[in-house]
Amino acid sequence: MALVTFNKSSKSIMSAVNYFESDKDHTNTIRKFKPIPVFGDRDRIEKLEKLAKESGIENTHTSLTISFRDNEFSQFKNPDGSFDQEKMIPAMKEIIKDFRETWFPGMKNDEKFADFWNVHTDKGNIELNCAFLKMELTTGKAFNPFPPGELNKDMRDCYVDLLNDKFGFDRVVRNPFSISHNDMELKKIKNPSETAKRFKEVVKPKKIEVQKFLTSQILDNKINSRKELIETLQQHGEVKFLDKENLPPDPKTGKYSYDYISFIPEGSDKAMRLDGPMFKKNADFNELRIEHKKNQAMEKDDSLRQLSDKERTLKQDKLNKHKEIQKSFNEKLKSSGVKNVKKNSGRKYLPKSKQSNKLGSNKNISNVKNQPQQQSIQKSETALTVEDKQLQDPNVSGSIKDAMIAGKKAENETNKNEIAQEKKDQKASKKPSNPIIIKNGDNKESKNSDSKPSISSFSKVATSSNASLLTVQINQVLFSKLSLELQIGSLSIFKESDIKKIFELKQKIAELDQQIAILKAKQEQAIEAELINQNANRFKNSGSSMKLRI
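Residues numbered from 1 in each chain as written. Predicted model: local features only at pLDDT ≥ 70, side-chain atom pairs only at ≥ 80, totals over all residues. Heavy atoms only, no water.

(A) Focus on the overall build of the chain. The helix and strand tally for the chain stands at 16 helices and 12 strands. The proportion of buried residues among the 550 residues of the chain is 37%. Across the chain, the fraction of contacts at a sequence separation of at least 24, relative to all contacts at a separation of at least 6, is 70%. Entry remark: accessible area of the chain is about 32,900 Å², with carbon and sulfur atoms responsible for 50%. (Helix = DSSP H or I, 4+ residues; strand = E, 2+ residues; numbered from the N terminus. Buried < 20%, exposed > 50% of the residue type's maximum accessible area, 1.4 Å probe, protein only. Contact = heavy atoms within 4.5 Å. Areas by Shrake-Rupley, 256 points an atom, 1.4 Å probe, with all protein chains shown as cover.)

Now the structure itself:
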């Protein structure tokens, strides 16, 4: 028979892909047979997940395994226990095709969604592994073909039953009185934590004991409602959250928020979650007893393990209706347009290890101060030449060119204002400044017209030669950065052809950010040096004038 199990969610789809491709299983044991690739490019999946996270999708993926038990597909086995890939892979591709048509109706693989498939055969049976991104690639919007809830669970059961029926496998026999177990209770964990040990050694056996007891009580007609179920449990422990029993279902989904029972058995101080068909709010205990009788009949008659014509038609109709609803939703999603992503919302700054050594760059600031003014002007002219080439480039869109032209005009206006301010400061320096009044020995006031006041010193320094040239350089780099950001804005972050361009442009932007940081550090030191020199000169001049006039 075939079973579909959903794997525990991880932070990244690459965690699932790495496990699927690993030569070691979850117990760190080397697999007898290496994983077999079927579909998917791990590098592309990784890049697309980064774009999904940048577009604001937190839960980016789902991973699952379709396991074939009871020595299914034994006709593909080799004498050494491995599987003949030439025979097995076409059968797996047929199953994958049916899976995609069922759960991604109306969506083309690698165009609308991305998935990854491979096969494990190290346990003696076939395990078909899948991981897919929960993002529609043309819009960048999130979607989930397996939303939580009883309706989708019923659809999954129909899919599994029809898959088994298609290949002539036995149907899955589901125990109506089963209690769900989590991963820590089921899986073998190497070097488990204290919590994992408690679930494995204490919680799991206790759940099995509770299941056996409640099953006998229900089959003996001693429990016929949820109220009677709770009263029976209260005789052997404490049932928590009884205040939630009367909560109505969600008006939109019809689901109950408390659709299980939290139970503390006698002799235990921690609650366990009892989840399963008999613990649902709307559980019908008569239906559970009927299903149990059917399961007993299947054990005696193997022919009952196959779907009847009526059951097959009913399940196929259910699944077809689900596919129509999902296809309609997918069509609306595709026509809803590209998701609006906030500018720079996903930008990640470089780690310190990749940033330039600011200390080393600061050592060269003194050398930069002594460079001729013409050298800085030549650098500015070179930068302008590069921008002019960008304006002449036919590959640059019109909107980007308009933004570049506007940026150049704004920058020219800034330079003109700085030049005008410098001329004003130069004229002001030729005129006698406001006199500083000093009392001489005769207690008479004297005026010193040679001393300059300290007001507006920062504005004057800001237009000094070194600082102003650094300001121009910073503006040039900022302008180049803006043009790159505009180019990114003109690309579609959900087209594979543009992914490489986007990452290259982001790398250039990161380099420009480093240049800006270095130039700003130089500018701050230049301003500080000019302030120190001006203050030193002012106090020196005022001191000498006082000596002459006293």
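(B) Region of the structure containing the pattern of salt bridges. Overall, the coordinates contain 22 salt bridges when judged by the stated rule. Between D161 and R174 there is a salt bridge; the shortest N-O distance is 3.3 Å. Here D161 is found in helix 4 (residues 150-167), whereas its partner R174 is found in the loop between helix 4 and helix 5 (183-186), with 13 residues between them in sequence. With a shortest N-O distance of 2.8 Å, R312 and D309 are connected by a salt bridge. Linking R312 with D309, this pair stays in helix 9 (residues 309-335), spanning 3 residues, or about one helical turn. With a relative accessible area of 28%, R312 lands in the partly exposed category. You can call D309 exposed: its relative accessible area is 58%. Here the salt bridges do not stand alone but share partners, grouping K153, D157, D161, R174 and K315 into one network. (Salt bridge = Lys/Arg side-chain N within 4 Å of Asp/Glu carboxyl O.)

(C) Local environment of helix 7 (residues 226-234). Among all positions of helix 7, only R226, L229, I230, T232 and L233 are buried. Buried residues in helix 7, looked at end-on, bunch into an arc of 160 degrees, giving them a common side. Here the buried face of helix 7 lies against helix 6 (194-219), strand 8 (237-239), strand 9 (261-265), strand 10 (272-274) and helix 8 (285-300). (Arc of directions from axis to C-beta.)

(D) Structural detail: the packing of helix 3 (residues 85-103) against helix 9. Running from amino to carboxyl end, helix 3 crosses helix 9 at an angle of 65 degrees, the nearest separation of the two axes being 8 Å. On helix 9, the residues that touch E101, T102 and W103 of helix 3 are L319, H322, K323 and Q326. Here the contact of helix 3 with helix 9 is composed, by residue class, of 2 nonpolar, 3 polar and 2 charged. (Axes fitted to C-alpha atoms, helices over the stretch in contact; angles between N-to-C directions. Nonpolar A, V, L, I, M, F, W, Y, C, P; charged D, E, K, R; others polar.)

(E) Up close: empty space enclosed by the protein. Enumeration according to the criterion identifies 1 cavity of 30 Å³ or more in this entry. The computed volume of the largest cavity comes to approximately 30 Å³. For the lining of the largest cavity, the secondary structure elements donating two or more residues are strand 1 (2-6), helix 3 and helix 4. Class assignment for the residues of the lining of the largest cavity results in 6 nonpolar, no polar and 1 charged. (1 Å grid on protein atoms, 1.4 Å probe; cavity = no way out; pocket = protein on both sides within 12 Å on 5 of 7 lines; lining within 4 Å. Points joined across faces, edges and corners; volume = space filled by probe spheres on them.)

(F) Geometry of the packing of aromatic side chains. All told, the structure shown has 18 aromatic pairs when counted by the stated rule. With a centroid separation of 5.4 Å and an interplanar angle of 10 degrees, the aromatic rings of F73 and F76 are classed as stacked. An aromatic cluster is defined as three or more aromatic residues linked by ring pairs; in this entry it consists of F6, F99, W103, F104, F113, W117, F132, F143, F146 and Y159. The ring of Y19 has R31 lying over it, and the distance from NZ or CZ to the ring centre is 5.1 Å. When the ring centre of F199 is taken as origin, the NZ or CZ atom of R198, which lies over that ring, is 4.9 Å away. (Phe/Tyr/Trp six-rings, centres within 6.5 Å; stacked < 30°, edge-to-face > 60°. Lys NZ or Arg CZ within 6 Å of the ring centre and 35° of its normal.)

(G) Up close: the sheet that holds strand 1. Overall, antiparallel pairing links the 5 strands, which are arranged 1-3-5-4-2 in an open sheet. Lying at the two open borders of the sheet, with one neighbouring strand each, are strand 1 and strand 2 (36-39). Sheet twist, expressed as the average angle between the axes of neighbouring strands with direction ignored, equals 20 degrees. Where strand 1 meets strand 3 (residues 61-68), 5 bridges bridge the pair, whose relative direction is antiparallel. When the sheet's bridge partners are listed, T5 is paired in strand 3 with T65. Helix 3 contacts strand 2, strand 3, strand 4 (115-120) and strand 5 (126-133) of the sheet and is inclined by roughly 40 degrees relative to strand 2. (Pairing = 2+ DSSP bridges.)

(H) Broad picture of the environment of K47. Here K47 shows up in helix 2 (residues 42-54). Distance in space between the C-alpha atoms of K47 and F503 is 9.5 Å, their sequence separation being 456 residues.

(I) Looking closely at the packing of helix 6 against helix 7. In the contact formed by helix 6 and helix 7, the axes pass within 12 Å of each other and the chain directions differ by 125 degrees. In terms of orientation, helix 6 lies oblique with respect to helix 7. Regarding helix 6 and helix 7, the two cross each other, and that crossing is right-handed. For the pair formed by helix 6 and helix 7, the contact residues are V210, F213 and L214 on the first element and L229, T232 and L233 on the second. Residues belonging to the contact of helix 6 with helix 7 are distributed by class as follows: 5 nonpolar, 1 polar and no charged. (Parallel < 35°, antiparallel > 145°, perpendicular 65-115°, else oblique. Left-handed = near helix turned anticlockwise from the far one by under 90°.)

(J) The sheet that holds strand 9, seen in detail. Across the sheet, which stays open at both edges, the 3 strands sit in the order 8-9-10 with antiparallel pairing between neighbours. Only two strands of the sheet have a single partner each, and these edge strands are strand 8 and strand 10. Averaged over all adjacent pairs, the angle separating strand axes in this sheet is 35 degrees, with direction ignored. In the sheet, strand 8 pairs with strand 9 via 3 bridges, with the strands oriented antiparallel. Bridge pairing links E238 to I264 in strand 9.

(K) How the structure looks around the nonpolar core. Counting 40 residues, the largest nonpolar core has I66, F68, M88, M92, I95, F99 and Y159 as the members making the most contacts within it. Mapped by element, the contributors of at least two residues to this core are strand 2, strand 3, helix 3, strand 4, strand 5, helix 4 and helix 9. Among the elements that line this core, the one with the most residues is helix 3, at 8 residues. Discounting residues that sit within four places of it in the chain, F99 has contacts with L64, I66, F104, W117, F146 and Y159. (Core = buried A, V, L, I, M, F, W, Y, C linked by side-chain atoms within 4.5 Å.)

(L) Fine view of the pairing of strand 4. Counting buried residues in strand 4 gives 6 out of 6 residues, a clear majority hidden from the surface. In strand 4, alternate side chains face the same way, and those of D115, W117 and V119 on one face and F116, N118 and H120 on the other are all buried. As judged from the 3 bridges shared by strand 2 and strand 4, these two strands associate in the antiparallel manner. Looking at the pairing, P37 lines up with N118 of strand 4. Where strand 4 folds back on strand 5, the antiparallel hairpin that results is connected by 5 residues, among which G124 adopts a positive phi of roughly 90 degrees.

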